[in-house]
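Overview (structure and organization)
If you want the building blocks of each chain, they are given just below.
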Amino acid sequence: MQLQSLLLLALPLTAAAASHSASMGKNSFPGHRAAEEKRSIDQIYAAAKKESGSLKVAWGGDEKRAGLPVVEAFTKRFPGIKLDLTVDLSKYHDSRADRAWAVSGGQTDGMDIAVLQTVHDFVRWKGQGRLMNYKPLKWAEVYPAFRDEEGSFLGCFIYSFGSIVYNNATLTEDDVPSSYADFVQPRWHSKLTLTLPNDDDAIAYLFSQIIQTHGWPWLSALAQQNVTWVRGSATPATLLSTTPSLLASFTTSNRSGGKMAAKAPSDPYMQWPQTGAIFKSTKMPESARLFMSFIMSDEWQAELAKGGIGMTRRDLQPEGTTVWEGENLEPMGFGRWMADRENVEWWKLQFETTLGTPQGISPLEDDL
């Protein structure tokens, strides 16, 4: 079943090139299908160079440095195209887009492109007619479940939370539990650093899965473990590498190597397609098409794979397996869960009741 269907359960160029550009219709209401991009990436670049201004991209993340690799790669590959990429929590990016659209009477979304965790937003935005239908290069290689069939949005790559990340200078793999249930044992008291589940929807979904497996007593016991609770999913990895007393986390990613390693749990955990789209209000449509085609290109996807990030393209799956075959992983579950906003808020309030409200400054500003 496709991503859109799952979420809806809840809710100057040559004459030939100019003709092609016009055929990339901007209407994102259901029933209008975009043609797949047929130009080469250099032909799209040539068209984009005729536009003026900065391409504004909202990039979901909780550390400013998270956007640096794609900015550096894009601007190096396409000199002359100005890229204004802002990293912030997806829940704030979508809020800003909605406010800009409301304040302007539907004339602007305040950004040209969004690549976010909040997968449910894209179906809503499509229904409001706010997305440009565009099928970038390599569209046909993206699993149908990760793309809107009319081209309004697509999953660009796969993120995951739930792997047990640990300091391998202190622990061996055998020292690390396979089940989250074991982290409430006395030996893990004061040894864990975790992201507050009521501050991040992806972490909330992970915790909901753990509780469905191990019950509410697990959360109550975890709350007694003197956990170092933080805002932001990158912060636990930083603390594991800098704080000797902290040994493990299951709400972060091991993308820095060094002192850290990761172990897949025996319990269900989570992954999702980080989803991207172009807003119909963009004044830089060719630059936006260029960016979307670049992040789906062999060149950029190979860089993602080096960092352990999963692929939504079927031709780039690791040899002998696919994203659908990961044990204890189901990449579409998060989308279904996110679509039911009443249920999401119920879970987050439950977590707040036990763990309290998130404290401290934004993870983008904490210098961790």
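Source: prediction; values computed, not measured.

Turning our eyes to something else, we now look at the confidence of the model for the protein chain. This prediction gives the protein chain a mean pLDDT of 89; 89% of its residues lie at or above 70. The low-confidence segment residues 5-25 (pLDDT under 50) makes 34 contacts with residues lying over four places distant or belonging to another chain.

This next bit is on the layout of surface pockets. If you add up the space inside the second largest pocket, you get close to 510 Å³. Every residue lining the second largest pocket is counted, 29 residues in all, and those nearest its centre are Ser-160, Gln-271, Gly-308, Ile-309 and Gly-310. If you list the elements that add at least two residues to the lining of the second largest pocket, you get strand 5 (154-161) and strand 10 (260-263). Per-element accounting of the lining of the second largest pocket gives the leading share, four residues, to strand 5. For the lining of the second largest pocket, the residue count by class is 13 nonpolar, 14 polar and two charged.

This paragraph deals with the packing of aromatic side chains. A complete count under the given rule lists 33 aromatic pairs for this structure. Look at Tyr-159 and Trp-272: their rings are 5.7 Å apart centre to centre, the planes differ by 70°, and that puts the pair in the edge-to-face class. Taken as a pair, Tyr-159 in strand 5 and Trp-272 in strand 11 (residues 270-279) lie far apart in primary sequence, 113 residues in all. The exposure class of Tyr-159 is buried, given its relative accessible area of 14%. Seen from their ring centres, Trp-218 and Phe-250 are 6.3 Å apart, and the 45° between their planes marks the pair as tilted. Taken together, the residues span a long stretch of sequence, with Trp-218 in helix 8 (residues 216-222) and Phe-250 in the loop between strand 9 (248-249) and strand 10 at a distance of 32 residues. Residue Trp-218 shares its accessibility class with Phe-250, and that shared class is buried. The cationic tip of Lys-49 hangs over the ring face of Tyr-45; the distance from NZ or CZ to the ring centre is 4.6 Å.

What counts, and at which threshold
- Residues numbered from 1 in each chain as written.
- Predicted model: local features only at pLDDT ≥ 70, side-chain atom pairs only at ≥ 80, totals over all residues.
- Heavy atoms only, no water.
- pLDDT = per-residue confidence, 0-100.
- Contact = heavy atoms within 4.5 Å.
- 1 Å grid on protein atoms, 1.4 Å probe; cavity = no way out; pocket = protein on both sides within 12 Å on 5 of 7 lines; lining within 4 Å.
- Points joined across faces, edges and corners; volume = space filled by probe spheres on them.
- Helix = DSSP H or I, 4+ residues; strand = E, 2+ residues; numbered from the N terminus.
- Nonpolar A, V, L, I, M, F, W, Y, C, P; charged D, E, K, R; others polar.
- Phe/Tyr/Trp six-rings, centres within 6.5 Å; stacked < 30°, edge-to-face > 60°.
- Buried < 20%, exposed > 50% of the residue type's maximum accessible area, 1.4 Å probe, protein only.
- Lys NZ or Arg CZ within 6 Å of the ring centre and 35° of its normal.

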